[in-house]
There are 2 protein chains.
Amino acid sequence: MEVTRSNFKDNLNKVYEAIEESDFLAIDGEFSGISDGPSVSALTNGFDTPEERYQKLKKHSMDFLLFQFGLCTFKYDHTEEKYIMKSFNFYIFPKPFNRSSPDVKFVCQSSSIDFLANQGFDFNKVFRNGIPYLNQEEERQLREQYDEKRSQANGAGSLSYISPNATKCPVTIPEDQKKFIEKVVEQIEDLLKNEENESLELEPCTGLVSEITHLLKKKNLFWPYRIGGVIKKKKLFTWERYIVISKVNEEERKRREQQKQAKEQEELNDAVGFSRVIHAIANSGKLVIGHNMLLDVMHTIHQFYCPLPDVTFFRFNLFSYYFVSRLLDTKLMASTQPFKEIINNTSLAELEKRLKEVPFSSPKVESADGFPSYDTASEQLHEAGYDAYITGLCFISMANFLGSFLSPPKNHVSARSKLIEPFFNKLFLMRVMDIPYLNLEGPDLQPKRDHVLHVTFPKEWKTSDLYQLFSAFGNIQVSWIDDTSAFVSLSKPEQVQIAVNTSRYAESYRIQTYAEYVEKKHEDKRAKRKCTEDSWKEMERKRLKTQNAFKTATVGKRSMSPIQEETSSDDMEEEGQDPEYDQTDSCAESLPDGKKRAKKFKKIKTGQVPAGKSNVRAFDKPACCSES
Amino acid sequence: MEVTRSNFKDNLNKVYEAIEESDFLAIDGEFSGISDGPSVSALTNGFDTPEERYQKLKKHSMDFLLFQFGLCTFKYDHTEEKYIMKSFNFYIFPKPFNRSSPDVKFVCQSSSIDFLANQGFDFNKVFRNGIPYLNQEEERQLREQYDEKRSQANGAGSLSYISPNATKCPVTIPEDQKKFIEKVVEQIEDLLKNEENESLELEPCTGLVSEITHLLKKKNLFWPYRIGGVIKKKKLFTWERYIVISKVNEEERKRREQQKQAKEQEELNDAVGFSRVIHAIANSGKLVIGHNMLLDVMHTIHQFYCPLPDVTFFRFNLFSYYFVSRLLDTKLMASTQPFKEIINNTSLAELEKRLKEVPFSSPKVESADGFPSYDTASEQLHEAGYDAYITGLCFISMANFLGSFLSPPKNHVSARSKLIEPFFNKLFLMRVMDIPYLNLEGPDLQPKRDHVLHVTFPKEWKTSDLYQLFSAFGNIQVSWIDDTSAFVSLSKPEQVQIAVNTSRYAESYRIQTYAEYVEKKHEDKRAKRKCTEDSWKEMERKRLKTQNAFKTATVGKRSMSPIQEETSSDDMEEEGQDPEYDQTDSCAESLPDGKKRAKKFKKIKTGQVPAGKSNVRAFDKPACCSES
């Protein structure tokens, strides 16, 4: 089902229902670009650590727009032994909903746009009719705006009820209209005294509402009247405009106030828009499947929750804080035992084809009543809804295949089966040679890289120069880092030291072992940190000196150095008092404010995991750990 | 006429012809956004200087894409006393033309996209079928790539002719295919010896081309054979793929080489794409009309020539270096005497309506044969081609109106008339209170700003706080600079000093006169420059000291301080020898390379205008100088 701004509200309950009843969900996103920095080959270096990869994607891929989101829900029908699926293809666009709402800027990458254009992607549907959304902070701000407006209205005797612009700028009543306005004010006073009349039409006039309001305010007459909208009446050949004033009794006022609040709530909901679907997914606790889903997950958090934190926070808080309870990446699954040996190509299209053949079998999946079905023969790849659907199919085939190892074998393996647990919460890392995934439940794999060299060289060098340089060492693999450095892996680790030794006196290039490279990097980091600390201390020393010179006595809390403040135990205690702190469930409905979140970040940064919050499980060597 | 990638080549000559024969051109651009920084009100502060405005637009508006360009050419038919117009609406998109071509990233602003979407803008047409383009530097690089490839091919016996990837990486021939490949090489040798046969089909195989080439190279057999494309033949139910090898004689080789070069030139032209239209406009020397055209001109240079220089270079080199010989801004014209008094609203749509009424008259304009006509009754505003058309109409009406002041009055005033010269080369400045335009032919106007105050205050302040603060001074006008500062203009200049005096002891805010503000800003600039100079000198001093300590004798050219290098007279002399230096005509065909351009920038920056290059005319007070 295609969902745009036009039919979003009408179908939202259908979406909620589909999520609620499902056994698992599959998702996929289409973006306006991939990398605004380095080329993809540098973005995905073969020897990135999971943390480096995350940082690179965070830095270079988040300014693009996730503008199509595919959601496909799968529910198993035990009696019919088949899955019923409901597929949704959402078009998403941050349409500003009013003048003060955020005016999002996003980047487009020509190659990505061109690629999607060639796939027949409908940009008009996105830009003309995409569903809006707000992230948490924007939602909070908008909610505050409404609250403020309401409390102002209540405090000032429903002032805003009279005229929304009444207090905006000073009102000076034009000389030539004084008489007219005074007459109007008298009329209103009469209306209020007179029990018979309910409303009053002013003489034809268009503006002057704020002037009239001003005078009435002076007389302390805030309500119970209401300056209604302007009505138009046909008069001979033209339309004349009248302002209508009507009396409002207390009951009526309350009813209108409630109406207004309901309307505001609806406006707020409309503005939060597509984020509500993401919140529903997060709240459902269902298993969420994706294919090569790291970027999808990162974009989803960045766009619909908040700017991405560092990798430690991301890892440990993904479940409690932002998003869903379990993720499963079908690309990682297909690259792992027992699938690794029998699946050559794990790209989504090829995987889907492969899983139709022995030893796999196509699952029985039908689309629910009222939902269009996809035909996998006529591929609609790179439509997010279709890709999500295919991803779900691949998961079912692979899960069922695991059932064949049981005795007795099982044809159907559910999303709750223990058999698929080893694949949970590991996100596939594209083109990393020896670390297949970013682990969301513990430390990452630490492969031996004793056959890897780090080489720096002049920026004119090409791959062929590196082949030349290492021609004595047999087959090598080159992974570019940037213009002037690359990792080179040799086939025999024992040759590593030879390569380093022979290069000792080289002028134009430099070779070090991977271990040396990592050690050097850590050293630089420490030195940099030390340098910052030192300069802080130096500044602090100078400041204190100046203070002493002036014999000021205010050296107390304020003299605490910034470093101390970073890890201040005060801070930790405050944290413990945070009433929202132990709410590990989704924050879709009750959002902790930005400040509290900032504090949590700080704590994680300093390496302290709060008690009761440690969801790091003991690290078992997972099924998918490739022996590299 | 709508021009996309599909029909661009077929219609390019039509475009050239229309430009050549025209009396003047009107242009308009549509962009993917306006400002990626401050809000529009801060971007267009009422007291910006022209230089400040230019810098702001350069900084905050150039990452957007100009994705629709309207061009409307007007030619006067003296016998029929009417204009013949040809209108083109170009869709533009930087589609990467191959893997190594630039992958342009551009920013979209939601509000702008939403605005265009509401106007029915066709984003699919842009992204699926937009005309590509290259800027000067990209064109130069591509040309170099082709040249390099060609010279390699010639040098290495047409090696690239055999297989473009032949030298890319070392070829190791798989053991199991050695026999097959050796047999193929034998077959090729036979083919070359045997005069009867002209070509040879290999046995079905798909890859291996580089392996075969490798073996042939070893035997010094670069050509005269050619490994042609793979051909496919139907065989029962499947297609089989054959590689075809054919003999090539010298004549044939030359013919093919020429063909190839012609093809390369065509590819290059295709890649330069829409930029060729801009070059043609620049080369034509025709008067170019736009409405509020500063941003259009800046975007055109940025996107189709090179990143924007500073304002001085922009001002003095616009004509000689980049773009066209004369510009005329209809918004500026309409805001200037004698139009200023009789035209209230200068927005394009309103201006067009106003100019249909007395004392103006609608011009007689017809579209040329084969060109669709626009109906001004059913507005198609914000389609670039339509906006360009309307802009042209406005110009004609206003120009003709000037003819009514002559004796005897003239109905038709041409684009060459002296009457319109006062409006040349002055680009309208949006929302600047007292400087109507950026002058491209001399210094800008220097209005008195003795009624203006510069106020800084806490960021919580709103406009109403400023009204409150200045309530004693009657009517004021507030121009926001940023969150914590604004210009406030008083109605009476004599009150300025009173305001400054009364604020002397205020704690939360600070008031200074405009003159003080400007002086302070210049001082800061000087101090900053001095600071940089000092730190350079300090570094240089240290370096020299170190050098002396080691008693090195190489203190010569290399010890020149960076400051000296900046303004080095060597540099200036080199400049004088630049053979391309005096070519003041357009650089569309003969492009000085990036290095030379960089030098020119440097010179302008240091304030030296090269001799023979001074196209600053004596500055006459123009007709459109509003007495502010």
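Below: a short report on this structure.

Basis of the calculations
Residue indices follow the written sequence of each chain, beginning from 1 at its first position. Each chain takes a letter, starting from A, and each ligand takes a number, starting from 1, following the order in which they are written. The predicted origin of the model limits local features to residues at a pLDDT of at least 70 and limits the giving and counting of side-chain atom pairs to 80 or more, whereas totals for whole chains, interfaces and linings rest on all residues. Heavy atoms throughout the structure, all of them, feed into the side-chain values; hydrogens and water do not. Secondary structure counts use DSSP, requiring at least four H or I residues in a row for a helix and at least two E residues in a row for a strand, with both numbered from the N terminus. Partly exposed residues are those whose accessible area sits between 20% and 50% of the maximum for their type, while under 20% is buried and over 50% is exposed, using a 1.4 Å probe and protein chains only. Residue contacts follow a heavy-atom distance rule, with two residues in contact if any of their heavy atoms lie within 4.5 Å. Copy-to-copy superposition: least squares on the C-alpha atoms, limited to residues that have pLDDT of at least 70 in both copies. Axis definition: a line fit to C-alpha positions, over the contact stretch in the case of helices; interaxial angles, taken between N-to-C directions, run 0 to 180 degrees. Each angle receives one of four descriptions, namely roughly parallel if under 35 degrees, roughly antiparallel if over 145, roughly perpendicular if within 65 to 115, and oblique otherwise. Handedness of a crossing is defined here by the sense of rotation of the near helix relative to the far one, left-handed for an anticlockwise turn of less than a right angle and right-handed for a clockwise turn. Here the term charged refers only to Asp, Glu, Lys and Arg, the term nonpolar to Ala, Val, Leu, Ile, Met, Phe, Trp, Tyr, Cys and Pro, and the term polar to all other amino acids, Gly among them. Pairing of aromatic side chains here covers Phe, Tyr and the six-membered ring of Trp, requires ring centres within 6.5 Å, and sorts the geometry by plane angle: under 30 degrees stacked, over 60 edge-to-face, intermediate tilted. Charges are assigned to positions over rings by a cutoff of 6 Å between ring centre and Lys NZ or Arg CZ, combined with an angular limit of 35 degrees from the ring normal. In what follows, salt bridge is the name for a side-chain nitrogen of Lys or Arg lying within 4 Å of a carboxyl oxygen of Asp or Glu. Summed over both partners, buried area is the accessible surface (1.4 Å probe) that two parts give up on being assembled. Counting of polar contacts relies on pairs of N or O atoms within 3.5 Å, with two restrictions inside protein: one atom must be capable of donating a hydrogen and the other of accepting it, and residues adjacent in sequence are counted only when both atoms are side-chain atoms. Two strands are said to pair when DSSP picks up at least two bridges between them. Among the buried residues, those of types Ala, Val, Leu, Ile, Met, Phe, Trp, Tyr and Cys that are joined through side-chain atoms within 4.5 Å form a nonpolar core. Think of it as the arc spanned by the lines of direction from the helix axis to the C-beta atoms.

Turning our attention to the overall build of chain A. Secondary structure summary: chain A contains 22 helices and 17 strands in total. Residue burial in chain A is summarised as follows: out of 628 residues, 47% are buried. Long-range pairs, those at least 24 residues apart, make up 72% of the contacts in chain A between residues at least 6 apart in sequence.

In this section: the relation of the copies chain B and chain A. Mapping chain B onto chain A calls for a screw motion: a turn of 179° about the axis and a shift of 0.2 Å along it, with 0.5 Å RMSD after fitting. In short, the pair behaves as if placed about a two-fold rotation axis. Minimal C-alpha separation from the rotation axis in chain B is found for B:V107, amounting to 2.2 Å. Interface residue correspondence from chain B to chain A reaches 97%, placing this contact among same-surface, isologous pairings.

Residue and element names in this part refer to chain A. It is at 10 Å that the axes of helix 1 (residues 8–21) and helix 11 (residues 275–284) come closest, and there the two elements cross at 15°. The angle between helix 1 and helix 11 places the two elements in the roughly parallel class. Crossing geometry of helix 1 relative to helix 11 is assigned as right-handed. Between helix 1 and helix 11, the contacting residues are F8, L12, V15, Y16, I19 and E20 on the first element and R276, V277, A280, I281 and S284 on the second. By residue class, the composition of the contact of helix 1 with helix 11 is eight nonpolar, one polar and two charged.

The next subject is the packing of aromatic side chains. Counting across every chain of the model gives 71 aromatic pairs over all chains. Considering the side-chain rings of A:Y514 and A:Y517, the 6.1 Å spacing of their centres and the 45° angle between planes classify their relative orientation as tilted. Taken as a pair, A:Y514 and A:Y517 lie in helix 19 (residues 514–549) at a separation of three residues, close to a single helical turn. The exposure class of A:Y517 is buried, given its relative accessible area of 16%. One Lys or Arg, B:K14, reaches over the ring of B:F371 and ends 6.0 Å from the middle of that ring.

A few words now on the pattern of salt bridges. If you walk through the whole model with that rule in mind, you get 48 salt bridges over all chains. Across the pair B:D270 and B:K9 runs a salt bridge, and its minimum N-O distance is 3.1 Å. You can see B:D270 sitting in helix 10 (residues 250–272) and its partner B:K9 sitting in helix 1 (residues 8–21), a full 261 residues away along the chain. Of the residues examined, B:D270 reaches a relative accessible area of 31% and is grouped as partly exposed. Here B:E519 ties to B:R526 by a salt bridge, and the two come within 3.6 Å at their closest N and O atoms. Using a relative accessible area of 40% as the deciding quantity, one classes B:E519 as partly exposed. For B:R526, a relative accessible area of 45% corresponds to the partly exposed category. The network of salt bridges with common partners includes A:K9, A:E266 and A:D270.

A few words now on the interface of chain B and chain A. On the chain A side, the residues contacting the 32 residues of chain B number 31 residues. For the pairing of chain B and chain A, the buried interface totals around 2,500 Å² over both sides, and the portion due to carbon and sulfur atoms is 55%. The largest share of the area that chain B buries against chain A comes from B:K105, B:S110 and B:F127, three residues that together contribute 22% of it. Summed over the shared surface of chain B and chain A, the number is two salt bridges. With a closest N to O distance of 3.0 Å, B:K95 and A:D114 form a salt bridge. Inspection of the region where chain B meets chain A yields 19 residue pairs in polar contact (both at pLDDT 80 or more). Elements with a minimum of two residues in the side of chain B that touches chain A: strand 5 (105–109), helix 4 (110–118), helix 5 (123–129) and helix 17 (463–469) of chain B. Considering each element in turn, the side of chain B that touches chain A owes the most residues, six residues, to helix 4 of chain B. Pairing geometry for strand 5 (residues 105–109) of chain A and strand 5 of chain B, over five bridges, is antiparallel. Directly across from A:K105, in strand 5 of chain B, lies its bridge partner B:Q109.

Residue and element names in this part refer to chain A. With antiparallel pairing, four strands are arranged side by side in an open sheet as 15-16-14-17. In the strand order of this sheet, the two ends are held by strand 15 (476–482) and strand 17 (510–513), each with one partner. Here the average twist between neighbouring strands, direction ignored, is 25°. As paired strands, strand 15 and strand 16 (residues 485–490) are joined by six bridges and run antiparallel to one another. Bridging across to strand 16, S479 finds its partner in F487.

Now for unusual backbone geometry. Residues and elements named next belong to chain A. Here the bond from Q337 into P338 is cis, since omega is 0°, no more than 30 degrees from zero. Looking at the secondary structure, you find P338 in the loop between helix 14 (330–334) and helix 15 (348–354). In this model, N425 sits at a positive phi of 60°, which is unusual for a non-glycine residue. By the element assignment, N425 lies in the loop between helix 16 (384–403) and strand 12 (426–428). Judged by relative accessible area, which is 1%, N425 ranks as buried.

Residues and elements named next belong to chain B. Strand order across the open sheet formed by four strands is 15-16-14-17, with antiparallel pairing between neighbours. Each edge of the open sheet is held by one strand with a lone partner, namely strand 15 (476–482) and strand 17 (510–513). Pairwise comparison of adjacent strand axes, ignoring direction, gives a mean angle of 25° for this sheet. Both strand 14 (residues 452–456) and strand 16 (residues 485–490) contribute to a ladder of five bridges, which runs antiparallel. Across the sheet, H454 pairs through a bridge with F487, a residue of strand 16.

Attention shifts here to the nonpolar core. Of all hydrophobic cores here, the largest spans 134 residues; its most connected members are A:L71, A:F90, A:F274, B:L71, B:F90 and B:F274. When residues no more than four places from it in sequence are discounted, the contact partners of B:F274 are B:F8, B:F69, B:F90, B:I92, B:I131, B:P132, B:Y133 and B:F304.

Another aspect to go through is helix 3 (residues 50–60) of chain B. Within an α-helix, residues lying three or four positions from one another point in the same direction, as the helix has 3.6 residues per turn. All of the buried residues along helix 3 of chain B are B:P50, B:R53, B:Y54, B:L57 and B:H60. The arc that holds the buried residues of helix 3 of chain B, viewed along the axis, is 155°, so those residues lie on one side.

A few words on the environment of B:F304. Looking at the secondary structure, you find B:F304 in helix 12 (residues 294–304). Contacts of B:F304, omitting those with residues within four sequence positions, involve B:L66, B:I92, B:Y133, B:L134, B:N135, B:Q136, B:F274, B:S275, B:I278, B:H279 and B:H299.

Now for the side chain of B:N45. Residue and element names in this part refer to chain B. Examined against the element boundaries, N45 turns out to sit in the loop between helix 2 (40–43) and helix 3. There is a polar contact of 2.6 Å between the side chain of N45 and the backbone nitrogen of F47. Among residues more than four places away in sequence, those in contact with N45 are R53, K56, R431, V432, S479, W480, I481 and F487.

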